[in-house]
Amino acid sequence: MLICRNILMMMATTMFDFRSDTVTQPTAAMRAAMANAEVGDDVYGDDPTVNDLQAYAADLAGFEAALFTASGTQANLLALMSHCGRGDEYICGQEAHNYKYEAGGAAVLGSIQPQPLTNQADGTILLSDIEAAIKPKDIHFAQSRLISLENTIGGKVLPMEYLAQAQQLAFDKKLKLHLDGARIFNACSELNVPLHSIAQHFDSFTICLSKGLGAPVGSLLLGDEAFIERARRLRKLVGGAMRQAGVLAAAGKLALTEQTARLADDHANAAYLAQGLAQLNQVELGYQATNMVFARFNHADLAGLNQQLLEAGVKVSMAANMRLVLHKDIDRSGVDALLEVLRRHD
Ligand SMILES: *Cc1c(COP(=O)(O)O)cnc(C)c1O
C-alpha cells in the first residue's frame, strides 16, 4: 500500500504542472544535441555551439549581435547596465519583471534608478505617462536614459501600433528602448508575425529559451555590436561568463528552431481551460491571454482542493487568485484532469 502511494506520488510529480512554463522538460532531441554538442571555452569565444546560437538568433531578429546568458534576469540586468550608468534612470511598468521580480538588480548592482509607472489593463504604459516622467537635464534629477517594455506581460500581447509609437517617443526624447521579451515568441505566435517585426522597434531585447521553448537553461540578449560588447564585459563582472556553455546552447538552438511553432497549441489549450473554468460556480475567470489563465478560486478549503489536484497529478500555485500556465508538457488531457477535479468540487 505504501509502495502504491509512493508510485502514485512519483507519477503525480511528473504529470501536469500549471505553475509556470519554466517547468518544461528538455525534449529528447535537446538531450541528444547536448550530449553531442561541439564545445570550447566561450570566455575565449571558442565555443562553436554558443557562437552558432548567437549568430542564428541575431540573424533571425535582424540584429547585429546576440549574447547567451545564464537567465532572463541576467539578460535584463546586462541590458539595463549596458544602457544606463550610475545615477541614470530607466522607465518601466510597475508590473515589469525587471522592476518587480529581479531582486532590484539594476539598483543594487548598477546604481540605476527605476521609474516605475502604472501598467494599463492591456499591459501598456501610457505614452503620456512616460513623457511626463522623463526628467529634464537638471542637477536635481537622475538622468532618464531608457524605456523598458515587456511583451508578453501577464500573458498579454502589446499592440503593434503601440510599439511603433513607443519607438517614436524614445527617438524624439533621445532615449533607448529595451524589451523584456522573455515570452516574445508567444507574442509572435499570437499575432502571427516573425520575430524581427516585433524586435525592429527596440534597441535591445531578451528572449527566454527556458520557458515555453523548453530549453533547460539560458536566455539571449540582442542589440548592436557595441552594446553587446558592453554586455559581454558586464556578464563577466556578474560571474555569468561560462566555459563549455555549448552544452546548454545546443538545447537553446533547438528551442528556436523546433519549439516556437508549437506555442499556438499552448494558447489553444489556455483558451480551452478558460472556457472550462467559465462554466464553474466556485471559479471566477479573470482573463486568458496567450498561454496564461488568471482566475479566482472561491473554494472554502483551498488546501483540500490542492490535495485532490495533486492526487489527480495536477500541480498549481494554489492561491485564491491563481495564475495557470500552459506549456508543451500539458496537453488537452492535462487540462481535462484539472477541470475534472474542479467540477467534482464545484
Ligand atoms: C521569467 C522572466 C524573466 C526572467 O527569466 P529567468 O530566466 O527566470 O531569470 C524575465 N522577464 C520575464 C517577463 C519573465 O517572465
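What you see is a predicted model; the values in this text were computed from it and never measured.

Student: Explain the side chain of aspartate 41 to me, using residue names and the numbers behind them.
Tutor: Relative to the helices and strands, aspartate 41 is located in the loop between α2 (28-36) and α3 (48-61). On the accessibility criterion, aspartate 41 (17% relative accessible area) is buried. Looking at aspartate 41, its side chain comes within polar contact range of the main-chain nitrogen of valine 43, at 2.9 Å. Of note is the side chain of aspartate 41, whose polar atom sits 3.1 Å from the side chain of arginine 243.

Student: Run through the site of the ligand, naming residues and quoting values.
Tutor: With respect to spatial proximity, the complete set of residues near the ligand consists of Ser71, Gly72, Thr73, Asn76, His97, Glu102, Glu150, Asp180, Ala182, Arg183, Cys208 and Lys211. Within the side chain of aspartate 180, an N or O atom sits 2.6 Å from a nitrogen atom of the ligand. A distance of 2.9 Å is found between an oxygen atom of the ligand and a side-chain nitrogen or oxygen belonging to arginine 183. When the ligand sits alone it has 370 Å² of accessible area, and the protein chains cover 84% of it. If you tally residues by element for the shell around the ligand, the top one is helix α4 (residues 72-83), at three residues. Residues belonging to the shell around the ligand are distributed by class as follows: two nonpolar, five polar and five charged.

Student: An account of the packing of helix α14 (residues 302-311) against helix α15 (residues 332-344) is requested, with residue identities and associated values reported.
Tutor: Interaxial distance between α14 and α15 falls to 10 Å at its minimum, and their mutual angle equals 140°. The angle between α14 and α15 places the two elements in the oblique class. For the crossing formed where α14 meets α15, the hand is right-handed. Contacts between α14 and α15 involve Leu305, Gln308 and Leu309 from the former and Leu338, Val341, Leu342 and Arg344 from the latter.

Student: An account of the pairing of strand β10 (residues 292-297) is needed here, citing residue identities and associated values.
Tutor: Across six bridges, the pairing between strand β9 (residues 283-289) and β10 is antiparallel. Bridge pairing in β10 links leucine 285 to alanine 295. In this sheet, strand β12 (residues 321-325) lies alongside β10 in antiparallel orientation, the contact comprising five bridges. Paired with arginine 296 across the strands is asparagine 321, a residue of β12.

The rules we used
Residues numbered from 1 in each chain as written. Predicted model: local features only at pLDDT ≥ 70, side-chain atom pairs only at ≥ 80, totals over all residues. Heavy atoms only, no water. Helix = DSSP H or I, 4+ residues; strand = E, 2+ residues; numbered from the N terminus. Buried < 20%, exposed > 50% of the residue type's maximum accessible area, 1.4 Å probe, protein only. Polar contact = N/O pair within 3.5 Å; in protein donor to acceptor, adjacent residues only side chain to side chain. Near = heavy atom within 4 Å. Areas by Shrake-Rupley, 256 points an atom, 1.4 Å probe, with all protein chains shown as cover. Nonpolar A, V, L, I, M, F, W, Y, C, P; charged D, E, K, R; others polar. Axes fitted to C-alpha atoms, helices over the stretch in contact; angles between N-to-C directions. Parallel < 35°, antiparallel > 145°, perpendicular 65-115°, else oblique. Left-handed = near helix turned anticlockwise from the far one by under 90°. Contact = heavy atoms within 4.5 Å. Pairing = 2+ DSSP bridges.

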